Amino acid sequence: MFRIITFIGILFLLYSCIPIRIAPSIDDYKITKGKKFKRGLPKREMFIFEDPKDANQFYNYVNIKFELGDEDVYDDVPFKINGQQYFFSFYEVEIPTKTINLIPLVIDGLLDSADMGPFLEDAHASRVGNWYIAIEAYTDFEQDCLQENSLSREVVLKYLRTIKQEYLSTYNYNEVVFKN
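Residues numbered from 1 in each chain as written. Predicted model: local features only at pLDDT ≥ 70, side-chain atom pairs only at ≥ 80, totals over all residues. Heavy atoms only, no water.

## A short note on a negative patch on the surface
Phase 1: A surface patch of like charges, here negative, comprises Asp70, Glu71, Asp72, Asp75 and Asp76.
Phase 2: Within the secondary structure, Glu71 is located in the loop between α3 (57-65) and β4 (77-81). (Patch = residues over 30% accessible without salt bridge, like charges linked within 9 Å, V, L, I, M, F, W, Y side chains within 5 Å. Areas by Shrake-Rupley, 256 points an atom, 1.4 Å probe, with all protein chains shown as cover. Salt bridge = Lys/Arg side-chain N within 4 Å of Asp/Glu carboxyl O. Lys, Arg positive; Asp, Glu negative; His and termini not counted. Charge placed at Lys NZ, Arg CZ, Asp CG, Glu CD. Helix = DSSP H or I, 4+ residues; strand = E, 2+ residues; numbered from the N terminus.)

Here's what the structure looks like:
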C-alpha cells in the first residue's frame, strides 16, 4: 500500500506546475499607484481593469470615440465633465502568469545525466499573458485626479467607469460616435 501511495505522490508531483508569479485578478476595476501595479508605469494613481479583448482594441476605441485621427491617442486625450477640461493617458499592460513545469525538468535532468543534453528546454517554464488597461487622469490644475484627496476624483471615476463599460460592451466602435 505504501508503494502505491508513494507512486501516486511522485506522479502527482511530476505532473504539477509551480507558480512563480500569478497575475492579479480584477473583478471590476482597481485604483492603485501605477508603479506599484507594474514597473514602468507612472507613479500616479491609476484606474486599472482587465482587458479581455485583442491587442490594440482599446486604442481603436479611444481613437474612434474621441475622433483623434490616430494622433496622440495614448497621451493627453481630452474629455469634458460639467464644462471642466480633463485629460487621460492609458497604457496596455501585460502581466504574465509564470509557472515552472516539473516533468520537462526531470526528463531533461535524466537525459543530461545520460550525456544526451537537454531536449525540452523550451517547456521548463510556461507563460500565460493577462492584459490590463491602466488609465491616469489629470487636468491643467491637478496632476492626479484619482488621488484620495483630489476634488474631482468622484466625477472622474464615474466617467472612467462609464468608458470601461462602453468599451467592454461595444464591438463596433463606430457605434460609439453615434452615442455621443
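## So, a positive patch on the surface
Phase 1: A cluster of basic residues, Arg21, Lys35, Arg39 and Lys43, forms a positive patch at the surface.
Phase 2: Looking at where Lys35 falls in the secondary structure, it is placed in helix α2 (residues 34-37).

## Examining the pattern of salt bridges
Phase 1: Per the stated rule, a full pass over the model turns up five salt bridges.
Phase 2: The salt bridge involving Lys164 is made with Asp28; its shortest N-O contact spans 2.7 Å. Here the residue Lys164 occupies a position in helix α5 (residues 153-169), and Asp28 occupies one in the loop between β1 (17-21) and β2 (30-33), the gap between them amounting to 136 residues.

## Side note on the environment of Thr170
Phase 1: If you trace the backbone, Thr170 turns up in the loop between α5 and α6 (174-179).
Phase 2: The class of Thr170 is buried, set by a relative accessible area of 1%. (Buried < 20%, exposed > 50% of the residue type's maximum accessible area, 1.4 Å probe, protein only.)

## Things to note about the packing of aromatic side chains
Two numbers describe a pair of aromatic rings. These are the distance of the centres and the angle of the planes.
Phase 1: Applying the stated criterion to the full structure yields 16 aromatic pairs.
Phase 2: Aromatic side chains Phe58 and Tyr61 sit 5.8 Å apart centroid to centroid with 35 degrees between the ring planes, which places their arrangement in the tilted category. Here Phe58 and its partner Tyr61 are both found in helix α3, three residues apart, which amounts to about one turn of the helix.
Phase 3: Owing to a relative accessible area of 0%, Phe58 belongs among the buried residues under this scheme.
Phase 4: Members of the aromatic cluster, joined through ring pairs, are Tyr29, Phe47, Phe49, Phe58, Tyr59, Tyr61, Tyr74, Phe90 and Tyr167. (Phe/Tyr/Trp six-rings, centres within 6.5 Å; stacked < 30°, edge-to-face > 60°.)

These figures come from the coordinates and say nothing about function on their own.
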